[in-house]
Amino acid sequence: MNLAHVDSFARQEERLPVLDGLRGWGAIFVLLFHVFCDGLPVTAESGAFLRLLLPFSGLYAVLVFFIVSGISLSYGYFRERQVAKLIAAAGSRYFRLALPIFVVAITVHLAMIAGLQNSSSEKLATFSNALNFQSTTENVLRFTFFDVFFNYNPNLTYAGPMWTMSIELIGSFLLFIVLLLSARSAYYLPFIFIVSVILIFSTTEDHRLYSLFLLGAMIAGVIQREYVKYIPPWVFAAMLAVGLLAPALLPPAYDAWNIVATVALTLGCIGTKPVNRFLSCHFSRLLGIISFPLYLVHGPILVLIGEPLVRNFGETTQSKLAIGIGICMISILAALPMISVNKLAIQVSRFFGQQAVYGYNRVRTQLAPSQN
């Protein structure tokens, strides 16, 4: 029975351990992409070549993040299909994302007003617009609690490329709505699939990205209903191969082909037992714990530390390589103190989720016909 190891985990908890590994290594891949391909490539040629390899593909890492979010947000719900679980998840989602962003933004704000940021004329061309604005407490609050989700400007970000946060929040709520609409239907998986297909072939890039959350829910439903037992191991191996080769074979774009390849990659990782075991191991799950903090902190570290180092000391390929490796290590170390912030954000967001459920139950009680 393929994926019996996944099912055994699933019965013990409302999450699949493999998802932590996917998040963790995805965050590492994003870091490698931004350091060695996009921000501080050792050479232009090496940067262009490395982005063809999956561990340096920022595009596929981000797409996997969205699918994993869809799996995580729907897997627990599919166990009992209780609407209260969706209400709790919806009530907590915004605060779960915003609070760690606030801590990073306020830290970068303090670094900027302390004079640790160079003027745009002194920076390398790639970083000329990074942190090139007047920072105020009002800017931090507006960026954290509104702009990063609803009015994102890449030239006014405290934490590097954060366009994904808008997709993450809106995609999550779209998933909640679709799950609510299909809550009482026995055909909820076909309904989710039809909506996701419509979004995949949309002409709007954001809509295509939203489909990944629904496709993640499809994967969660397939695992929950144990359909994976009937999929031969070689099919998962083929899916994994497609995902590994896709960055080199497909043009980098958020299009239908790359979305299909990302679904294949995710299923291949979950369904191929050696890969699943690796992604579920203690080390990979530790990476999962720091994945969101690492995603947030590596951008500012690239700007505040990496850029000045390369500008002043990156005269050779060896020095650039050493600086790049150093920035990766510093980013991982900087993410560690954020673990406590991340845990606090989870606790606070759960409180708001509980309040949302409380309000939902009160409304249901008031609307229910009185019984004599």
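If you're wondering where the values come from, they're calculated on a predicted model, not measured in any experiment.

**Student:** Help me understand the overall build of the protein chain in this model?
**Tutor:** Scanning the protein chain from terminus to terminus reveals 15 helices and zero strands. Computed over C-alpha atoms, the radius of gyration of the protein chain comes to 21 Å, within 12% of the 21 Å expected from 2.2 N^0.38 for 372 residues, which places it in the range of a compact globule. Expressed as lengths along the three principal axes of its C-alpha atoms, the size of the protein chain is roughly 75 × 50 × 40 Å. As displayed, the protein chain has an accessible area near 17600 Å², and 66% of this comes from carbon and sulfur atoms. Counting 24 positive and 17 negative side-chain charges, the protein chain places the averaged centre of each group 12 Å from the other.

**Student:** When you look at helix α15 (residues 338-367) in this model, what are you seeing that I'm missing?
**Tutor:** In an α-helix, one turn spans 3.6 residues; hence positions three or four apart end up facing the same way. Taking 1.5 Å of rise per residue, the 30 residues of α15 would be expected to cover 44 Å, and the 43 Å separating its terminal C-alpha atoms lies within 8% of that figure. By the burial criterion, the buried members of α15 are M338, I339, V341, N342, A345, S349, G353 and V357. Tucked into the core, α15 has its buried residues touching α5 (83-113), α13 (282-313) and α14 (317-335).

**Student:** Looking at this structure, how should I read the side chain of N258?
**Tutor:** By the secondary structure assignment, N258 is in helix α11 (residues 256-271). Within the structure, N258 has its side chain in polar contact with the side chain of D255 (distance 2.8 Å). Ignoring sequence-local partners within four residues, the contact set of N258 consists of L59, Y60, L63, L250, P251 and A253.

**Student:** Would you explain the nonpolar core in this entry?
**Tutor:** One broad trend across soluble globular proteins is that nonpolar side chains are buried collectively. One finds F78, I101, F149, M162 and I192 to be the most contacted residues of the largest nonpolar core, which totals 111 residues. Of the residues forming this core, the biggest block, 15 residues, is contributed by helix α4 (residues 58-80). Setting aside residues no more than four positions away along its own chain, F149 makes contact with Y94, L97, A98, I101, T144, M165, S166 and L169.

**Student:** What is the right way to look at the environment of T144 in this model?
**Tutor:** As for its position among the elements, T144 is in helix α6 (residues 137-150). T144 sits in the buried class, given a relative accessible area of 0%. It is 9.0 Å that separates the C-alpha atoms of T144 and V103, two residues lying 41 residues apart in sequence. One polar contact links the side chain of T144 to the main-chain carbonyl oxygen of V140, over a distance of 2.9 Å.

**Student:** I keep staring at the confidence of the model for the protein chain and nothing clicks. Help me out?
**Tutor:** Regions with low pLDDT should not have their predicted coordinates read in detail. Averaged over every residue, the pLDDT of the protein chain is 92; the share at 70 or more is 95%. Scored below 50 in pLDDT, residues 1-13 makes 34 contacts in the model with residues more than four places away or belonging to other chains.

**Student:** What is the right way to look at the packing of aromatic side chains in this model?
**Tutor:** Think of a pair of aromatic rings as described by two things: how far the centres are apart, and how the planes are tilted against each other in angle. Inspection of every chain in the model, using the stated rule, returns 18 aromatic pairs. The interplanar angle of 45° and the centroid separation of 5.3 Å between the aromatic rings of F146 and F150 together place this pair among those described as tilted. Taken together, the residues F146 and F150, both in helix α6 and four residues apart, mark about one turn of the helix. Ring plane angle 85° and centroid distance 5.6 Å describe the contact between F173 and F176, whose orientation is recorded as edge-to-face. Here F173 and its partner F176 are both found in helix α7 (residues 164-181), three residues apart, which amounts to about one turn of the helix.

Cut-offs and rules
- Residues numbered from 1 in each chain as written.
- Predicted model: local features only at pLDDT ≥ 70, side-chain atom pairs only at ≥ 80, totals over all residues.
- Heavy atoms only, no water.
- Helix = DSSP H or I, 4+ residues; strand = E, 2+ residues; numbered from the N terminus.
- Rg over C-alpha atoms; globule rule 2.2 N^0.38 Å.
- Areas by Shrake-Rupley, 256 points an atom, 1.4 Å probe, with all protein chains shown as cover.
- Lys, Arg positive; Asp, Glu negative; His and termini not counted.
- Charge placed at Lys NZ, Arg CZ, Asp CG, Glu CD.
- Expected span 1.5 Å × (residues − 1).
- Buried < 20%, exposed > 50% of the residue type's maximum accessible area, 1.4 Å probe, protein only.
- Contact = heavy atoms within 4.5 Å.
- Polar contact = N/O pair within 3.5 Å; in protein donor to acceptor, adjacent residues only side chain to side chain.
- Core = buried A, V, L, I, M, F, W, Y, C linked by side-chain atoms within 4.5 Å.
- pLDDT = per-residue confidence, 0-100.
- Phe/Tyr/Trp six-rings, centres within 6.5 Å; stacked < 30°, edge-to-face > 60°.

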